[in-house]
Amino acid sequence: MASIPFTKMHGCGNDYIYINVAQHPVDAPKEASIRWSDRHKGIGSDGLVLIDKSPVPEADFSMRIFNADGSEAMMCGNASRCIGKYLYEKGLTTKTDIRLLTLSGIKVLSLHVKDQLVESVTVDMGEPVFDVPTQYIASLALDKGTFVSMGNPHYVIFTENVDQVEETGNSLECHLAFPQRCNIEYATLLPSKGKGEVSIRTRVWERGSGITLACGTGACATAVAACLTQRAGRQSDIVMDGGTLHIEWRETDNHVYMTGPAEFVFDGKIEI
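Per chain, residue numbering runs from 1 following the sequence as it is written. It should be noted that, the model being predicted, local features are given only for residues of pLDDT at least 70 and side-chain atom pairs only at 80 or more, the latter also being counted only at that level, while totals for whole chains, interfaces and linings use all residues. Side-chain measures here rest on the full set of heavy atoms in the structure, leaving out hydrogens and waters.

Caption draft 1: The arrangement of the packing of aromatic side chains in detail. Aromatic pairs are defined between Phe, Tyr and Trp rings, using the six-membered ring for Trp, whenever the two ring centres lie within 6.5 Å; interplanar angles under 30 degrees are classed as stacked, those over 60 as edge-to-face, and all others as tilted. Inspection of every chain in the model, using the stated rule, returns four aromatic pairs. Counting every residue linked through ring pairs, the aromatic cluster contains Phe147, Tyr155 and Phe178. Above the face of the Tyr86 ring, Lys90 is positioned so that its terminal group lies 5.4 Å from the ring centre. Either the NZ atom of lysine or the CZ atom of arginine qualifies as a charge over a ring when it sits within 6 Å of the ring centre and within 35 degrees of the ring normal. The lysine or arginine in question, Arg234, covers the ring of Trp249, its NZ or CZ lying 4.3 Å from the ring centre.

Shown next, in the form of structure tokens:
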């Protein structure tokens, strides 16, 4: 029986299985993601990430990401940071600014390197989009949150009880207001430490994966929603179950920039 090498990585606890498909193709990634992501019978992860050469000259590499339920995601901020570390530290590139092709367009990864190790990565996540689904407007059940797309859809609810995501996240993900389903964030402002920037405690229900320790696009959506509702300024720290991401929504270009860590967990091989 053949086997395929993989690398397990995480960004603030948001963990994925990474495979360089330019060297080791995966024929049925949806089925593989379901099987390999199983935390009892597989490797265990929030999903599967495929790294490949870019089919277009405007980008250096490409990524595809499949959730633990086999559905394909448009974009993942935590995964993109991990890809930057993977490419640099495994010697696949010497660039510290990498153009990554995703289903949400090309994202620029800026690597912060010290002693040939990537300590953190800043991702230009592009401009937020506020075009809500048609059904959203007519839904009386969804009137307390803010809809933000960061290449994938997010619905951010500010509340004193972020733990209610465990009870209502699944039903909101599949609400009729969101025909393509939606990522759900519950957020609350933390007491100020006098730094001039706001910290926001956020818990996430990811579309296709359920509760995850962190979500990069969710952190961006939360920061944008906080700014839109005048709860925060253009910069904030998003504190999730697995760690903290720094988010800046710049006035100069209207782009959202996410900075945070990426970590290797282990390498291995799995039978196919």
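Caption draft 2: The pattern of salt bridges, seen in detail. When a carboxyl oxygen of Asp or Glu is within 4 Å of a side-chain nitrogen of Lys or Arg, the pair counts as a salt bridge. Following the criterion strictly, the structure yields 15 salt bridges and no others. Between Arg39 and Asp46 there is a salt bridge, and its shortest N-O distance comes to 3.1 Å. Residue burial is assigned from relative accessible area. The probe radius is 1.4 Å, only protein chains are included, and a residue is buried under 20% of its type maximum, exposed over 50%, and partly exposed in between. Taking relative accessible area as the criterion, Asp46 reaches 7% and is therefore assigned buried. The partner of Asp267 in a salt bridge is Lys90, and the shortest N-O contact between them spans 3.6 Å. Remark: Lys90 occurs in the loop between helix H2 (77–89) and strand E6 (97–102) and Asp267 occurs in strand E17 (residues 263–271); sequence separation between them is 177 residues. Residue Asp267 is classed as exposed on the basis of its relative accessible area, which comes to 52%. Sharing partners across several salt bridges, the network here consists of Asp163, Glu166, Arg201, Arg203 and Asp241. The way it works is that DSSP assigns letters per residue, a run of H or I at least four long becomes a helix, a run of E at least two long becomes a strand, and they are numbered from the N terminus.

Caption draft 3: Helix H4 (residues 165–173), seen in detail. Within the span of H4, buried status applies to Val165, Gly169, Leu172 and Glu173. Along the axis of H4, the buried positions cluster into a sector of 90°, meaning they face one direction only. Only heavy atoms matter for contacts: two residues are in contact if any of them lie within 4.5 Å across the pair. Next to the buried residues of H4 lie strand E10 (153–158), strand E11 (183–189), strand E12 (198–206) and strand E13 (210–212). It is the directions from the helix axis to the C-beta atoms that the arc portrays.

Caption draft 4: Up close: the side chain of Ser54. Tracing the chain through its elements places Ser54 in the loop between strand E3 (47–53) and strand E4 (61–67). Of the residues examined, Ser54 reaches a relative accessible area of 17% and is grouped as buried. Looking at Ser54, its side chain comes within polar contact range of the main-chain oxygen of Val56, at 2.7 Å. In protein, a polar contact requires one atom able to donate a hydrogen and another able to accept it; more generally it is a pair of N or O atoms within 3.5 Å, and residues adjacent in sequence count only if both atoms are side-chain atoms. Of note is the side chain of Ser54, whose polar atom sits 3.5 Å from the backbone oxygen of Ala59. With residues near it in sequence (within four places) discarded, Ser54 still touches Ala59, Asp60, Phe61, Ser62 and Leu101.

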